[in-house]
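As a plain string of letters, each chain reads:
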Amino acid sequence: MSEPDSPAPHHFTDLLHAQRVWDTELPSFDPASVPPAPVPLFHTWFAEAVAAGQAEPHAMSLATADAEGLPDVRTLLLHDADERGFHFATHATSAKGHQLAARPHAALGFYWPAQGRQVRVRGPVVRCTPAESHADLHARSTGALAAALTGAQSEVVGSAAELHRAADAAWERARAEPDAEAPTWTRYVVEPAEVEFFQGDARRRHIRLRYRRQEDGGWARELLWP
């Protein structure tokens, strides 16, 4: 039996280097006209990302540190952005839940290529009240409730078949009991200490505007070299 053809040398790098970034007209961004606090600007950029057809603009990367201080990152959904900060939810018993309990700081990253924009957030993380966590879970879809009721997040599962059985049972329960409890479901808020807005430019004259929280609660604004 002949060996299957191996990929051509450098096939991956050729494919990688052939990709293009921001193959569209990018919006302008005047950092002199921004509001004094970052969340109103985030609301504006989010709405503009939605209007531009950006897929899943509420998806974000969440970076935490494990017990050894090593970084860990995953993608999840933003649940709100208000005067308190940037909200998300997960099980307190998940890997990220344990990491946040031990080291309650995190970084968030949003990427909206439809407009060549990124937003980065860093700051301490606080847990919301049980009532807020309960409301968060039951404000979402049946599928989200079913996912929260399926297995023990981040723990090892024996097989795909076991996962499917547990997921099917969770869906049935979520439909039958829309107020079902998921006791470990927890809403968190990243209280921003820094928020950076990045506007890409086709000529690489990227604008990076950083807000930094001051001791009096106000915000300093500064431009960064790209």
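Asks: Would you explain the packing of aromatic side chains in this entry?
Replies: For any pair of aromatic rings, the description rests on two quantities: the centre-to-centre distance and the angle between the ring planes. Using the criterion set out here, one finds 13 aromatic pairs in the structure. Here the aromatic rings of F29 and W45 are separated by 5.1 Å at their centres, their planes lie at 75°, and the arrangement is edge-to-face. Here F29 is found in the loop between α1 (11-17) and α2 (38-51), whereas its partner W45 is found in helix α2, with 16 residues between them in sequence. Members of the aromatic cluster, each reached through a chain of ring pairs, are F29, W45, F197, Y211 and W219. The ring of W45 has R117 sitting right over it, with the charged end atom 4.1 Å from the ring centre.

Asks: Help me understand helix α5 (residues 142-149) in this model?
Replies: Residues spaced three or four apart along an α-helix face the same direction, because each turn holds 3.6 residues. Taken together, the buried positions of α5 are A144, L145, A146, A148 and L149. As for α5, its buried residues are in contact with β4 (86-91), α4 (130-138), α6 (160-176) and β7 (185-190).

Asks: Please clarify how the pattern of salt bridges should be interpreted in this entry.
Replies: When the charged atoms of two side chains with opposite charge come close together, those side chains can pair. Summed over all chains, the structure comprises 11 salt bridges. Ionic pairing is found between R187 and D136, a salt bridge with its closest N-O pair at 2.8 Å. A residue pair is termed long-range when its members are at least 10 positions apart, and R187 in strand β7 and D136 in helix α4 qualify at 51 residues. The pair formed by R187 and D136 is uniform in burial state, with each residue classed as buried. Bridged by salt links that share partners, the residues R120, E196 and R208 form one connected network.

Asks: What exactly am I supposed to notice about the pairing of β7 here?
Replies: Every regular strand shows the same layout, with side chains that alternate between the two sheet faces. The element β7 is largely enclosed, with a buried count of six among its six residues. Of the two faces of β7, the one carrying W185, R187 and V189 and the one carrying T186, Y188 and V190 are both buried. Judged from the six bridges that link them, β4 and β7 form a sheet pairing that is antiparallel. When the bridges of β7 are listed, H91 appears paired with W185. Examined bridge by bridge, strand β6 (residues 117-127) and β7 share three bridges and lie antiparallel to one another. The residue bridging V126 from the neighbouring strand is V189, located in β7.

Asks: Help me out: how do you make sense of α2 in this one?
Replies: Along its 14 residues, α2 runs 20 Å from first to last C-alpha, staying within 8% of the 20 Å computed at 1.5 Å per residue. Looking only at α2, the buried set comprises P38, V39, L41, F42, W45 and A49. Down the axis of α2, the buried set is contained in an arc of 150°. They therefore lie on one face. The positive-phi residue at the C-terminal boundary of α2 is G53, with phi of around 85°.

The rules behind these values
Residues numbered from 1 in each chain as written. Predicted model: local features only at pLDDT ≥ 70, side-chain atom pairs only at ≥ 80, totals over all residues. Heavy atoms only, no water. Phe/Tyr/Trp six-rings, centres within 6.5 Å; stacked < 30°, edge-to-face > 60°. Helix = DSSP H or I, 4+ residues; strand = E, 2+ residues; numbered from the N terminus. Lys NZ or Arg CZ within 6 Å of the ring centre and 35° of its normal. Buried < 20%, exposed > 50% of the residue type's maximum accessible area, 1.4 Å probe, protein only. Contact = heavy atoms within 4.5 Å. Salt bridge = Lys/Arg side-chain N within 4 Å of Asp/Glu carboxyl O. Pairing = 2+ DSSP bridges. Expected span 1.5 Å × (residues − 1). Arc of directions from axis to C-beta.

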